[in-house]
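Read off the chains here:
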Amino acid sequence: MNKILNMTKFTFLKLVKNKILYGIFFLNLIFIYLLKGLNLFEIGAHPLVIIDSTLYIYEIMGFILLLAVIANNIRREIETKNIYLVLSKPVTKVEYILGKIFGIYILFAIFTLLTIIEILIFMSPITKEYTGLFILAIIFKAFYLFIFTGILIFFSLFLRPTIMVVISIITFYFAGLNLDYIELIIGSSYPSIIVNLLKFIKFILPNGNYLDLRFAAMQLTNIPFSYFIASILYIIGYMGFIVLLSGWIFKNKEF
């Protein structure tokens, strides 16, 4: 456990030195702040528009943040041979990959916390009635992006940064698709074998719709406790599988 914690600390401290991250943090905060002054049809900022737009900005900027910190992280250490120094401490390959994931989690948790603080400061007067569910929707969107952290780490183990970014964006897009959309829209234009393939890909990807509470927040829906239990089990199960798969591939990878 100490080795994983040390690897987590090492990863986090290395990431915070990347100046591009501060640009992403700043843009996210600026975009959300500007939403406060959104004047839709000259009737003032509408809470539902604020909620939908803020969640969209947070999701996109969060995904860009993850891409920025993951795309070239492990690959660069392999190419510069620094990974040999790390693994000689000794740190096993599984501990190495877990430390990477947890270090990125800490950075992303800070990003999420700053977003929530800004919402509470600037959006509460507009979305006062929706604040609780609004924050909950942000947290669940963070859980969804946490899952993608494992997926992006998995891709980075065997793909070069440019290809990894392209594949990750496509994967992110498909993960956010609705199965009904695939069935009704795509199904009318493509052969059934293609539709079934897309549905299978959608099935094995994290369910972005299942963890999306934007409409629940906008409609002030009473969310049952069983949903939270099922969601937590889903997140732990999916993330556990990705971590184990990534650890197994990395353990058997030759440099």
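The following refers to the structure shown. (Residues numbered from 1 in each chain as written. Predicted model: local features only at pLDDT ≥ 70, side-chain atom pairs only at ≥ 80, totals over all residues. Heavy atoms only, no water.)

With that out of the way, let us pick up the pattern of salt bridges. Counted under the stated rule, the structure contains five salt bridges. With its nearest N and O atoms 3.0 Å apart, the salt bridge here joins Arg214 to Asp52. Here Asp52 lies in helix α3 (residues 47-70) and Arg214 lies in helix α11 (residues 214-218), a separation of 162 residues in the sequence. The exposure class of Arg214 is buried, given its relative accessible area of 9%. Overlapping salt bridges bring together Asp52, Glu59, Lys141, Asp212 and Arg214 as one network. (Salt bridge = Lys/Arg side-chain N within 4 Å of Asp/Glu carboxyl O. Helix = DSSP H or I, 4+ residues; strand = E, 2+ residues; numbered from the N terminus. Buried < 20%, exposed > 50% of the residue type's maximum accessible area, 1.4 Å probe, protein only.)

Before going further, it helps to spend a moment on the packing of aromatic side chains. Evaluation of the coordinates by the stated rule reveals 20 aromatic pairs. An angle of 35° between the planes, with centres 5.6 Å apart, marks the rings of Phe108 and Phe111 as tilted. Of this pair, Phe108 and Phe111 both sit in helix α6 (residues 93-127), three residues apart, which is roughly one turn of the helix. Taking the relative accessible area as the measure of exposure, Phe108 reaches 0% and is therefore buried. Each ring, one from Phe143 and one from Phe146, has its centre 6.3 Å from the other, and the planes form 50°; the classification is tilted. Placement of the pair is Phe143 and Phe146 together in helix α7 (residues 131-156), with a separation of three residues, close to one helical turn. Since its relative accessible area comes to 28%, Phe143 is described here as partly exposed. (Phe/Tyr/Trp six-rings, centres within 6.5 Å; stacked < 30°, edge-to-face > 60°.)

Put simply, the largest pocket is a space of about 330 Å³. Along its surface, the largest pocket is lined by 13 residues, and Glu59, Lys141, Gly176, Asp212 and Arg214 are the ones closest to its centre. Split into classes, the residues belonging to the lining of the largest pocket amount to six nonpolar, three polar and four charged. (1 Å grid on protein atoms, 1.4 Å probe; cavity = no way out; pocket = protein on both sides within 12 Å on 5 of 7 lines; lining within 4 Å. Points joined across faces, edges and corners; volume = space filled by probe spheres on them. Nonpolar A, V, L, I, M, F, W, Y, C, P; charged D, E, K, R; others polar.)

Given 3.6 residues per turn, any residue in an α-helix points the same way as the ones three and four places further on. Compared with an ideal rise of 1.5 Å per residue, which puts 15 residues at 21 Å, helix α8 (residues 161-175) spans 20 Å between its outermost C-alpha atoms and is within 8% of the ideal. When we look at burial in α8, the residues that qualify are Met164, Ser168, Thr171, Phe172, Phe174 and Ala175. Buried residues of α8, viewed axially, fall in a sector of 160°; they line one side. Considering only its buried residues, α8 is in contact with α3, α7 and α10 (192-204). (Expected span 1.5 Å × (residues − 1). Arc of directions from axis to C-beta. Contact = heavy atoms within 4.5 Å.)

Here we take up the packing of α3 against α7. To characterise two packed helices, one gives the angle between the axes of the helices and the distance between these axes. Put simply, α3 and α7 touch, their axes get as near as 10 Å, and they point 25° apart. The orientation of α3 relative to α7 falls into the category roughly parallel. The crossing of α3 and α7 is right-handed. On α7, the residues that touch Ile50, Ile51, Thr54, Leu55, Tyr58, Glu59, Gly62, Phe63, Leu66, Leu67 and Ile70 of α3 are Phe134, Ala137, Ile138, Lys141, Ala142, Tyr144, Leu145, Phe148, Thr149, Leu152, Ile153 and Ser156. The residue inventory of the contact of α3 with α7, partitioned by class, reads 17 nonpolar, four polar and two charged. (Axes fitted to C-alpha atoms, helices over the stretch in contact; angles between N-to-C directions. Parallel < 35°, antiparallel > 145°, perpendicular 65-115°, else oblique. Left-handed = near helix turned anticlockwise from the far one by under 90°.)

What follows covers the nonpolar core. Nonpolar side chains in soluble globular proteins tend to be buried together. The biggest cluster of nonpolar side chains holds 77 residues, and the ones touching the most others in it are Leu65, Val69, Ile70, Phe108, Met164 and Leu213. Contributions of two or more residues to this core are made by α1 (2-15), α2 (19-35), α3, α6, α7, α8, α11 and α12 (225-251). In terms of residue count, the dominant contributor to this core is α7 (18 residues). Residues contacting Leu213, with those up to four places away along its chain left out, are Leu136, Ala137, Phe140, Ile223 and Tyr227. (Core = buried A, V, L, I, M, F, W, Y, C linked by side-chain atoms within 4.5 Å.)

Here α10 is 13 residues long and its end C-alpha atoms lie 18 Å apart, about the 18 Å a rise of 1.5 Å per residue gives. Along α10, the residues that are buried comprise Val195, Leu198 and Lys202. Seen from one end, α10 has its buried residues packed into an arc of 65°, which puts them on one side. Of the exposed residues in α10, the ones pointing more than 90 degrees away from its buried face are Ser192, Ile193, Phe200 and Phe203.

Note that every value here comes from positions in space, so none of it alone points to a role or purpose.
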